[in-house]
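Observations on chain architecture
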Amino acid sequence: MRVPLFSCDFHIHSTLSPCSSLDMSSRAIVDRARVVGLDIIAITDHNMVENGQYVAAAAGAAGPAVLFGMELQTREEVHLLMLFPDFETAMEMQETVYGLLPPIDNDPDYFGDQVVVDENDTIIRFEKRLLLNSSAISIDDAVAWARAHGSLVIPSHIESPTFGLVTQLGFVSEGIPFDALEVANERRLDAVLPFILAKDLPIVTFSDAHYLSDIGKKRITLSCGEPTFAEVAKALRSFGNTARTRGGSAGAPLL
Amino acid sequence: MTVRELAEALNLEILTGGVGLRQEVEHGYVSDLLSDVIGNAPENSVWVTVQRHVNILGVAKLKNIAAIITPRGLKIDGELIERARAEEIVLLRSERPAFEVVGMVYGILKKA
């Protein structure tokens, strides 16, 4: 039997991320994902998951399949993509993280609005607390939480000079059980390969879309039985790991 | 100057007990980006950082950093302290913010 292939972009911001375009409404994200042929997407706002439910409603049975996600900013100022098995688990993490964010109000003129928008593009509410901030949760505790709640953790843009794991923490240690590593720019991968000690992890790349035109520009193809969280988790485990095959060529210092 | 002399002179709390206190400190470095520390910290430094992830020990080992100072009285995990003891890296803590800690370290190392 042939296993179907699914085109996946698991790093998409919506109107709830202050730095994201206000065009990134639930309906618009779904329309764009269909146009560019994505089969599975994940909505990953900064420290929030809420808009994922509306994107899922907008997609409906016609697709794409929508996974509930978050881009968590940990105490170490590391960005982690988290993918949750269902919306209840996602909301549980949102509530935990929200309580650990500094109680600082967003300045919409400077950072942009943080808007919850339903599947009909109706505004539900404006989030007041600034989401572009570190939650007082350590990277180890976040990963432990994910493990205990059947969720996936993929450090975002690990080679990026801002909020990337290698920049912030020097290297990717073998000790933390991540599910994959996201690289933003594959041309920069060689520079960080010597710092990836956990060589068995899959290396993936997603769009990190803040604008509609970004969606699907970077993506991976997974072969799974059906477009569900459980199948995605299984397929990720067998996704290629470039770090092992490329080996550790000497890289230039990052800074 | 030894790590012990530095800790006593600046009234720093020693979290790792008696290990590593006789190591010599010649320089200082301050940064919270571990990649920056790997690239730029001088050997035999004392390092001031708010980072408390276990990777700080790997970086300290790599750069022969004798002691790490945590500012602002931030809480340190017992596990990190145990690993630091095993690696003979001294963990020190100050109630003062990093800016003041760095100022004091600079002043005393300049005199030494």
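Residues numbered from 1 in each chain as written. Chains lettered and ligands numbered in written order. Predicted model: local features only at pLDDT ≥ 70, side-chain atom pairs only at ≥ 80, totals over all residues.

Considerations on the pairing of strand β4 (residues 79-84) of chain A
Within a regular strand, side chains alternate between the sheet's two faces. Residues and elements named next belong to chain A. Burial of β4 is extensive: six of the six residues sit out of reach of the surface. In β4, alternate side chains face the same way, and those of His 79, Leu 81 and Leu 83 on one face and Leu 80, Met 82 and Phe 84 on the other are all buried. Of the pairings in the sheet, the one linking strand β3 (residues 65-73) to β4 comprises six bridges and is antiparallel in character. Its bridge partner lying in β4, Gln 73 is registered against His 79. Where β3 folds back onto β4 in an antiparallel hairpin, the turn is made up of five residues, including Glu 77, whose phi is positive at roughly 60°. (Buried ≥ 20, exposed ≤ 12 C-beta atoms within 10 Å, placed from the backbone. Helix = DSSP H or I, 4+ residues; strand = E, 2+ residues; numbered from the N terminus. Pairing = 2+ DSSP bridges.)

Focus: unusual backbone geometry
Trans is the common state for peptide bonds, and a negative phi is the common state for residues other than glycine. Residue Gly 63 of chain A is joined to Pro 64 of chain A through a cis peptide bond whose omega torsion reads 0°. Here Pro 64 of chain A shows up in the loop between α2 (51-59) and β3. A positive phi angle is found at Glu 88 of chain B, which is not glycine, with a value near 55°. Here Glu 88 of chain B is to be found in the loop between α4 (78-87) and β5 (90-93). Among the residues examined, Glu 88 of chain B registers 14 C-beta atoms within 10 Å and is labelled partly exposed.

Overview of the pairing of β5 of chain B
Residue and element names in this part refer to chain B. Every second residue of β5 is oriented toward a common face, with Val 90 and Leu 92 on one face and Leu 91 and Arg 93 on the other, all of them buried. As judged from the two bridges shared by strand β1 (residues 13-14) and β5, these two strands associate in the antiparallel manner. Counterpart to Glu 13 in the pairing with β5 is Arg 93. Pairing geometry for strand β4 (residues 67-70) and β5, over four bridges, is parallel. Its bridge partner lying in β5, Thr 70 is registered against Arg 93. Once the chain exits β4 it traverses α4 before rejoining the sheet at β5, and the crossover so formed is right-handed. (Right-handed = clockwise from strand over helix to strand, strands pointing away.)

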